Amino acid sequence: MQTVTTAAARAWCRKTNGVDWHKTSAAARKKQLARARAVLADEAADAIRCAICLDKEKTVVVVPCGHKCMCVACAKQLQASSAPRCPLCRGALERITRVFE
Ligand SMILES: [Zn+2]
Ligand SMILES: [Zn+2]
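Residues numbered from 1 in each chain as written. Chains lettered and ligands numbered in written order. Predicted model: local features only at pLDDT ≥ 70, side-chain atom pairs only at ≥ 80, totals over all residues.

Visitor: Explain the nonpolar core here, please?
Guide: Note on soluble globular proteins: their nonpolar side chains tend to be buried together. Judged by nonpolar contacts, Cys50, Val60, Val62, Cys69, Met70, Cys71, Cys74, Ala75, Cys86, Leu93 and Ile96 together constitute the single largest core of eleven residues. Cys69 has contacts with Ala51, Lys58, Val62, Cys86, Pro87 and Leu88, leaving out every residue within four places of it along the chain. (Core = buried A, V, L, I, M, F, W, Y, C linked by C-beta atoms within 7 Å. Buried ≥ 20, exposed ≤ 12 C-beta atoms within 10 Å, placed from the backbone. Contact = placed C-beta atoms within 7 Å.)

Visitor: Would you mind going over unusual backbone geometry with me for this structure?
Guide: Note: most residues except glycine have negative phi, and most peptide bonds are trans. Cis geometry marks the peptide bond from Val63 to Pro64; its omega dihedral reads 15 degrees. Considering the arrangement of structural elements, one finds Pro64 in the loop between β1 (60–63) and β2 (68–70). Of note, the phi angle at Leu54 is positive, near 55 degrees, even though the residue is not glycine. When you line up the elements, Leu54 lands in the loop between α2 (26–48) and β1. For Leu54, a count of 11 C-beta atoms within 10 Å translates into the label exposed. (Helix = DSSP H or I, 4+ residues; strand = E, 2+ residues; numbered from the N terminus.)

Visitor: I keep staring at the sheet that holds strand β3 (residues 95–98) and nothing clicks. Help me out?
Guide: One key point about sheets: their strands pair by backbone hydrogen bonds, in either a parallel or an antiparallel sense. Taken in spatial order, the three strands line up as β2-β1-β3 in an open sheet, and their pairing is antiparallel. Each having just a single partner strand, β2 and β3 make up the two edges of the open sheet. Averaged over all neighbouring strand pairs, the angle between strand axes comes to 50 degrees, with direction disregarded. Pairing of β1 with β3 involves four bridges; the strand directions are antiparallel. Bridging from a neighbouring strand, Val62 pairs with Ile96 of β3. The strands that helix α3 (residues 72–79) touches are β1, β2 and β3; relative to β3, the one it contacts most, it runs at about 165 degrees. (Pairing = 2+ DSSP bridges. Axes fitted to C-alpha atoms, helices over the stretch in contact; angles between N-to-C directions.)

This is the structure we're talking about:
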């Protein structure tokens, strides 16, 4: 689970619901923040998950478009297909590159 800062959660509330923080009751604030945290944590998890299996972490970059969007297993499987394309932009997949952080 990703950690979401209170500041980020508040910013989300403001952006999403236009909440006037100072006029909101404590109970409503708590509810809003919990919702914000759940959404933000989910987005953060999505940002690192493979676009194909939605399970493993993405560690492969598609060349030449440069999208980092897949895990190695999915990339290899895709590469083995007859006309491999990037799952994000549908651009031709010439090769894949493993990235290490
Ligand atoms: Zn995958
Ligand atoms: Zn792409």
